[in-house]
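# Overview (structure and organization)
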Amino acid sequence: MEGIALSREFPVEVGLLQKKVHCFDLGSQEEKLIVECKSHRWTTGAKVPSAKMSVWNEAMYYFHLAPADFRKILFVLHDRREPQGESLLGYYKRTYIHLVPNGVEFMEWDESTGDILRV
């Protein structure tokens, strides 16, 4: 994604039978790219943030409703349950993979190093 100019609140028509504009967090018409960004963490006690997972599922639904010719990326904060434990994205993919449309890409941002990991 380096070198791609992205716009915030990027509008795209989504829907099944009828269409309505939904603004994705980032996007590019030229590159046919939409991105949803999430910065959720494990809860206190390393428990699953269930309500936040619903928000990720909603993002998957919007990706499903978006035009098929768009590249779709879920960009999330890298957060581990324990220093060497499962990441929140790893948990999401393991538990909710049946809700992820074909072709969705996943990226994590590690705030401690500034690295972006393609998962």
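Above this text you will find the structure in question.
Residues numbered from 1 in each chain as written. Predicted model: local features only at pLDDT ≥ 70, side-chain atom pairs only at ≥ 80, totals over all residues. Heavy atoms only, no water.

## Re the overall build of the chain
In terms of regular secondary structure, the chain is built from 2 helices and 6 strands. In sequence order, the secondary structure elements of the chain are arranged as β-β-β-α-β-α-β-β. A globule of 119 residues ought to have a C-alpha radius of gyration of about 14 Å, and the chain, at 15 Å, matches this closely. In terms of overall dimensions, the chain has C-alpha extents of about 45 × 35 × 20 Å along its principal axes. Each of the 119 residues in the chain was classed as buried or not, and the buried ones make up 40%. Taking all contacts inside the chain whose residues are at least 6 apart in sequence as the whole, residues at least 24 apart take part in 54%. Of the roughly 7,300 Å² of accessible surface on the chain, 51% is carried by carbon and sulfur atoms. Within the chain, the 17 negative side-chain charges are centred at a point lying 6 Å from the centre of the 15 positive side-chain charges. (Helix = DSSP H or I, 4+ residues; strand = E, 2+ residues; numbered from the N terminus. Rg over C-alpha atoms; globule rule 2.2 N^0.38 Å. Buried < 20%, exposed > 50% of the residue type's maximum accessible area, 1.4 Å probe, protein only. Contact = heavy atoms within 4.5 Å. Areas by Shrake-Rupley, 256 points an atom, 1.4 Å probe, with all protein chains shown as cover. Lys, Arg positive; Asp, Glu negative; His and termini not counted. Charge placed at Lys NZ, Arg CZ, Asp CG, Glu CD.)

## Observations regarding the pairing of strand S1 (residues 7-14)
Bridging between S1 and strand S2 (residues 20-28) involves 7 bridges; their strand directions are antiparallel. Considered in S2, the bridge of Arg8 is made with Leu26. From the end of S1 to the start of S2, which pair antiparallel, there are 5 residues, and Gly15 there has a positive phi angle of about 150 degrees. (Pairing = 2+ DSSP bridges.)

## Regarding helix H2 (residues 88-96)
Along H2, the residues classified as buried are Leu88, Leu89, Tyr91, Tyr92 and Tyr96. End-on, the buried residues of H2 take up no more than an arc of 155 degrees, which puts them together on one face. Buried residues along H2 sit against helix H1 (50-65), strand S4 (71-77) and strand S5 (105-110). (Arc of directions from axis to C-beta.)

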